[in-house]
Amino acid sequence: MAHTCRGTINLASALIHTEDSTTIIISNGGAQTFHLKATSEVERQKWVTALELAKSEAIKMLEAESDEEERQQPDKNELQLMVRTLASKLEDLNTCNDLIAKHGNALQKTLSELEQVDDPADAASKLKAVNERATLFRITSNAMINACSEFHDLAAVQGKRWQKLLQQEHEQRLKLEEMVEQLAKDQISLEKKARMSVITAKADGQRDSIPSDEEDFYDALDHQVEKEFDVALPHSKDKHHRRTGSDLSMESYANDLSSESESEGSVNEARVYTTKANSPKKGLQRQGSGRRDHKRTGSQDKIRMSRSLPDSQNAEGSLVPRRQRRKWIPEKPNISLNLWSVMKNCIGKELSKIPMPVNFNEPLSMLQRLTEELEYSEILDQAALCEDSCEQLAYVAAFTVSAYATTLFRTGKPFNPLLGETFEFDRTEDFGWKSLAEQVSHHPPTLATHTDGRGWTLWQEFTMTTKFRGRYLQIIPMGIAHLTFTKSGGHYTWRKVTTTVHNIIVGRLWVDNQGEMDITNHITGDRCHLKYSAYSYFSRETPRKVTGVVTDSKDNARWVLTGNWCTKMEGAPIIHVEESNKGKPVFETGPHKLLWKVRPPPNGAERIYFFSQLAIEMNEPEEGVAPTDSRNRPDQRLMEEGKWDEANHMKILLEEKQRAARRQREQEIEKAKNEGKKKKN
């Protein structure tokens, strides 16, 4: 690698860049430069990728030659030899331990006999025996010390080597992940360009090839296409969650998993074409789905401006100064987590009783985290003004998607609420809603929330189950949410999708939301089917994509929704429906309207747990709240103030107190049962 021929460029020090869509330039920073020209942009990208991989390998080989220490992976024989060496050293330690115990007992016995001797002659002989025993004990102790020193030195030398090898493997894995992610982005970009060229050709009526029988055939559109995508259609009505007269979900978790697997196996989709505003439309429109101009009314303007008004009015109409809430919280301390300090507290304990440190948490409780779903409550204010039930359902669907916007960077775990813990948040003066949440069960953990807003009421019961899959953790919500509107009388219900936390063991934590969600209006029979696409490096779709279709009581598609759960959601009414050659529906829509868009986080949010402005205000101390309010919880307050050691200690005390109270309740229940049996007898 160090010796090269004249006229060549060493890849380890080469500079590789592109000039245009087909030209590649390779130079050594000096007089030697190669200009390569590919036949297409795809071929150029393949060559750039191959050259970058070769350059990476060349750098590794160069570093391996200059490094004096051995960096190669140990073979199987070397591993076995090291294990045998450590085992022999450990056996020496065990032997020394046995000898120390033996000689120690003998010395102790001799000293006891010496204390009981009264004759000086016998005392001299016993003293000689004591000296002999003490000498043996000293020799054995020295041997033990030497064996410990040898074992420590061997373990330290090999430990450094294994640590260095592990670090190299970790760095290599990170480089490969970055490379794969970049390749996936390039692939998605190229595929988008290819699809757009195909769409343009279809719009102009130009078809250069005849599709096979296995491909869907779409007629060329006689108008300009702005965007094209697929949406998942709703399943049959007997597959969404059953409901009882008490408005409780009776669908079991096993049925949910089976329905999810069935839906993944056979996905019913439709193609959507969005036409430009100035494009001519087909004369044939679906009955009952004509477009309407959506004009903003004065009440809608009032809702849009409600978050920016500095003051509110009382009953007499005079201005009342609005409460000034905090804009910042103490920054997260840079405290590294020692895994051994966690593991040593787990020895001999049940898994449910292991105290987890606050290092994994964020200074909010689960009650506050669920209340944070009202971050974009203005969507519901807008939905309350809609006269069309399908349009209202589109806004409700956008609101359900907005609840996941804060999960993109929020990898911290909320505090588990104590039984009876509450959280009351009154934002009537600025946002127009008031929320109350309470932990109603400890095993299984269950909480309930209720919110009254401007013309709408939202409540839900929330519990969840988790599944650890080795590299990732799945969080499956089990509760159901309800939403009613005062004006229209609509009653909507839905269940949350699965949240997955990746890289639990090694790597950077990241969160994804995936699955399917059905939102049902139990008054009109309208439904919205949303599909959260799983994030993948190699997916040709937009990352974190969410699509949906709103159907009326007759299963006629009325609205389509598209976007992603971390930035925005758009919707458009369907103006025309036709079918492909295989019966796949094709929806034609007009220009999309923005239903929801995420607000940028505060500056420096990475230093405060990636909190939004509403999350910053949630744990602010407030007078007049209940003693059981989450803002009065001491361990959570200590963590927010950066006192993590005190927070860990307080968290353990609170958890032990809760377990003691639970045992007392169980004893009282058992006592009451026994007394009831005696009275019956």
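What you are looking at is a predicted structure, and each value in this text was computed from that prediction instead of being measured.

1. Some points on the overall build of the protein
Phase 1 of the analysis: The secondary structure content of the protein amounts to 12 helices and 25 strands.
Phase 2 of the analysis: Out of the 681 residues belonging to the protein, those deemed buried represent 39%.
Phase 3 of the analysis: In the protein, 62% of the contacts between residues at least 6 apart in sequence involve partners at least 24 apart.
Phase 4 of the analysis: As displayed, the protein offers around 39,500 Å² of accessible surface, 53% of which is attributable to carbon and sulfur atoms.

2. Observations regarding the pairing of strand E19 (residues 510-521)
Looking along a regular strand, one sees the side chains alternate between the two faces of the sheet.
Phase 1 of the analysis: By the criterion of burial, E19 is predominantly enclosed, with 11 of the 12 residues buried.
Phase 2 of the analysis: Adjacent in sequence and paired antiparallel, E19 and strand E20 (residues 527-532) are bridged by 5 residues, among which Gly-525 carries a positive phi angle near 85°.

3. What about the side chain of Thr-562?
Phase 1 of the analysis: Tracing the backbone shows Thr-562 in strand E22 (residues 557-564).
Phase 2 of the analysis: Not counting residues up to four positions away in its chain, the partners in contact with Thr-562 are Phe-229, Val-546, Thr-547, Met-569, Glu-570 and His-592.

4. A word on unusual backbone geometry
Phase 1 of the analysis: Here the bond from His-443 into Pro-444 is cis, since omega is 0°, no more than 30 degrees from zero.
Phase 2 of the analysis: Along the chain, Pro-444 falls in the loop between strand E11 (433-441) and strand E12 (446-452).
Phase 3 of the analysis: For Tyr-609, which is not a glycine, the phi torsion comes out positive at approximately 65°.
Phase 4 of the analysis: Tyr-609 gets classed as buried once you look at its relative accessible area, which sits at 8%.
Phase 5 of the analysis: Here Phe-610, not a glycine, exhibits a phi torsion of approximately 60°, which is positive.
Phase 6 of the analysis: Assignment of secondary structure puts Phe-610 in the loop between strand E25 (593-597) and helix H10 (613-618).
Phase 7 of the analysis: With a relative accessible area of 34%, Phe-610 lands in the partly exposed category.

5. Some details on the environment of Glu-113
Phase 1 of the analysis: On the secondary structure map, Glu-113 appears in helix H2 (residues 76-116).
Phase 2 of the analysis: With 17 residues separating them along the chain, Glu-113 and Val-130 place their C-alpha atoms 9.7 Å apart.

6. Some words on the confidence of the model for the protein
As a general rule, the predicted coordinates of low-pLDDT regions are not to be interpreted in detail.
Phase 1 of the analysis: For the protein, mean pLDDT is 78; residues scoring 70 or higher make up 75% of the total.
Phase 2 of the analysis: Taken together, the stretch residues 238-266 has pLDDT below 50 and engages in 39 contacts with residues farther than four places along the chain or on a different chain.
Phase 3 of the analysis: In the model, residues 278-318 has pLDDT below 50 throughout and makes 73 contacts with residues more than four positions away in sequence or in other chains.

7. Let's talk about helix H9 (residues 389-402)
Three or four residues apart is the spacing at which side chains of an α-helix point the same way, because the helix has 3.6 residues per turn.
Phase 1 of the analysis: Here H9 spans 20 Å end to end across 14 residues, near enough to the 20 Å set by a 1.5 Å rise per residue.
Phase 2 of the analysis: Taken across its 14 residues, H9 has 13 buried, putting it largely inside the fold.

8. Observations regarding the sheet that holds strand E3 (residues 33-37)
Phase 1 of the analysis: The 3 strands are arranged E1-E2-E3 in an open sheet whose pairing can be described as antiparallel. In this open sheet, the two strands that pair with only one neighbour each are strand E1 (15-18) and E3. On average, each strand axis in the sheet is tilted by 20° relative to the strand beside it, whichever way the strands run.
Phase 2 of the analysis: Pairing analysis gives 5 bridges linking strand E2 (residues 23-27) to E3, with the strands arranged antiparallel. By the bridge assignment, Ile-24 is partnered in E3 with Leu-36.

9. Some remarks on the UniProt feature "coiled-coil region" (unreviewed entry) in the protein
Phase 1 of the analysis: UniProt annotation of "coiled-coil region" (unreviewed entry) refers to residues 166-193 when read in the numbering used here.
Phase 2 of the analysis: The span residues 166-193 shows a helical share of 100% and a strand share of 0%, and its end C-alpha atoms are spaced 41 Å apart.

10. As for the nonpolar core
Phase 1 of the analysis: If you look at the biggest cluster of nonpolar residues, it comprises 66 residues, and the most contacted ones within it are Leu-483, Phe-485, Trp-494, Ile-519, Leu-530, Tyr-532 and Leu-561.
Phase 2 of the analysis: The biggest single contributor to this core is H9, with 9 residues.
Phase 3 of the analysis: Excluding residues within four positions of it along the chain, Phe-485 makes contact with Leu-380, Ala-383, Ala-384, Gln-392, Val-396, Gly-455, Trp-456, Gly-490 and Tyr-492.
Phase 4 of the analysis: Ranked by size, the runner-up nonpolar core spans 11 residues in total, among them Phe-229, Val-231, Val-560 and Ala-572.

11. Examining a nonpolar patch on the surface
Phase 1 of the analysis: A cluster of nonpolar side chains, contributed by Phe-468, Ile-504, Ile-505, Val-506 and Leu-509, occupies part of the molecular surface with about 440 Å² of accessible area.
Phase 2 of the analysis: By the secondary structure assignment, Phe-468 is in strand E14 (residues 464-468).

12. Comments concerning the packing of aromatic side chains
Phase 1 of the analysis: Scanning all chains against the criterion turns up 9 aromatic pairs.
Phase 2 of the analysis: With a centroid separation of 5.8 Å and 85° between ring planes, the pair formed by Phe-485 and Tyr-492 is classed as edge-to-face. In this structure, Phe-485 and Tyr-492 share a single accessibility class: buried.
Phase 3 of the analysis: By the ring-pair criterion, three or more aromatic residues cluster together here, those being Phe-423, Phe-425, Phe-431 and Trp-433.
Phase 4 of the analysis: Directly above the aromatic system of Tyr-535 lies the positively charged group of Arg-544, at a separation of 4.9 Å from the ring centroid.

Analysis parameters
Residue positions are given per chain, counting from 1 as you read along its sequence in written order. Only residues with pLDDT of at least 70 get local features here, since the model is predicted, and only at 80 or more are side-chain atom pairs given and counted; chain-wide, interface and lining totals rely on the full set of residues. Computation of side-chain values: all heavy atoms of the structure, hydrogens and water removed. Starting at the N terminus, helices and strands are each numbered in turn, a helix being any DSSP run of H or I of at least four residues and a strand any DSSP run of E of at least two. When a residue's accessible area, from a 1.4 Å probe over protein chains only, is under 20% of the maximum for its type it is buried; when over 50% it is exposed; and in between it is partly exposed. The contact criterion used is simple: two residues touch if any of their non-hydrogen atoms lie within 4.5 Å. For the accessible areas, the method is Shrake-Rupley and the probe is 1.4 Å, while residue cover comes only from the protein chains on display. Pairing between two strands is assigned when DSSP locates at least 2 bridges connecting them. For every residue, the pLDDT score states the predictor's confidence, bounded by 0 at the bottom and 100 at the top. A helix is expected to span 1.5 Å multiplied by its residue count minus one. Only the stretch in contact is used when fitting a helix axis, every axis being a line fitted to C-alpha atoms; angles between N-to-C directions are given from 0 to 180 degrees. UniProt positions are given in the numbering used here, feature names are shortened, and annotations may be inferred rather than shown by experiment. Only buried residues count toward a nonpolar core. Its members are Ala, Val, Leu, Ile, Met, Phe, Trp, Tyr and Cys residues joined through side-chain atoms within 4.5 Å. Patches were defined on residues exceeding 30% relative accessible area and lacking a salt bridge, with like-charge contacts within 9 Å and nonpolar side-chain contacts (Val, Leu, Ile, Met, Phe, Trp, Tyr) within 5 Å. A pair is scored as a salt bridge if a Lys or Arg side-chain nitrogen falls within 4 Å of a carboxyl oxygen belonging to Asp or Glu. Aromatic pairs are defined between Phe, Tyr and Trp rings, using the six-membered ring for Trp, whenever the two ring centres lie within 6.5 Å; interplanar angles under 30 degrees are classed as stacked, those over 60 as edge-to-face, and all others as tilted. Lysine and arginine charges are scored as sitting over a ring when NZ or CZ, respectively, is within 6 Å of the ring centre and within 35 degrees of the ring normal.

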